[in-house]
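Structural overview
Take a look at the letters that make up each chain.
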Amino acid sequence: MKIGDRKVTVFKMKNRRGYAALCDGHLTEGASVQVAYDRMGKALRRTEKKKK
């Protein structure tokens, strides 16, 4: 999966319920793949705002 030009890796967490997404030093968790992916988008936007 990708957000813009960044590669997002989504995987099932062992010993936990749900999924995690990893991208550019950010780690997000969610109950489903889509929730983890959506949260990653929000985390990346937050970082972009901070850089400006």
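The preceding data block contains the structure.
Since we're looking at a predicted model, the values are computed, not measured.

What follows covers the environment of Tyr 19. Mapped onto the fold, Tyr 19 is located in strand 4 (residues 19-23). Excluding anything up to four places from it in sequence, Tyr 19 contacts Val 10, Phe 11, Lys 12, Met 13, Thr 28, Glu 29, Gly 30, Ala 31, Ser 32, Val 33 and Ala 36.

The next subject is the pairing of strand 3 (residues 9-12). Examined bridge by bridge, strand 3 and strand 4 share 4 bridges and lie antiparallel to one another. In the strand pairing of strand 4, Thr 9 is matched with Leu 22. The loop that links strand 3 with its antiparallel partner strand 4 comprises 6 residues; one of these, Asn 15, has a positive phi angle of about 60 degrees.

Cut-off values and rules
Residues numbered from 1 in each chain as written. Predicted model: local features only at pLDDT ≥ 70, side-chain atom pairs only at ≥ 80, totals over all residues. Heavy atoms only, no water. Helix = DSSP H or I, 4+ residues; strand = E, 2+ residues; numbered from the N terminus. Contact = heavy atoms within 4.5 Å. Pairing = 2+ DSSP bridges.

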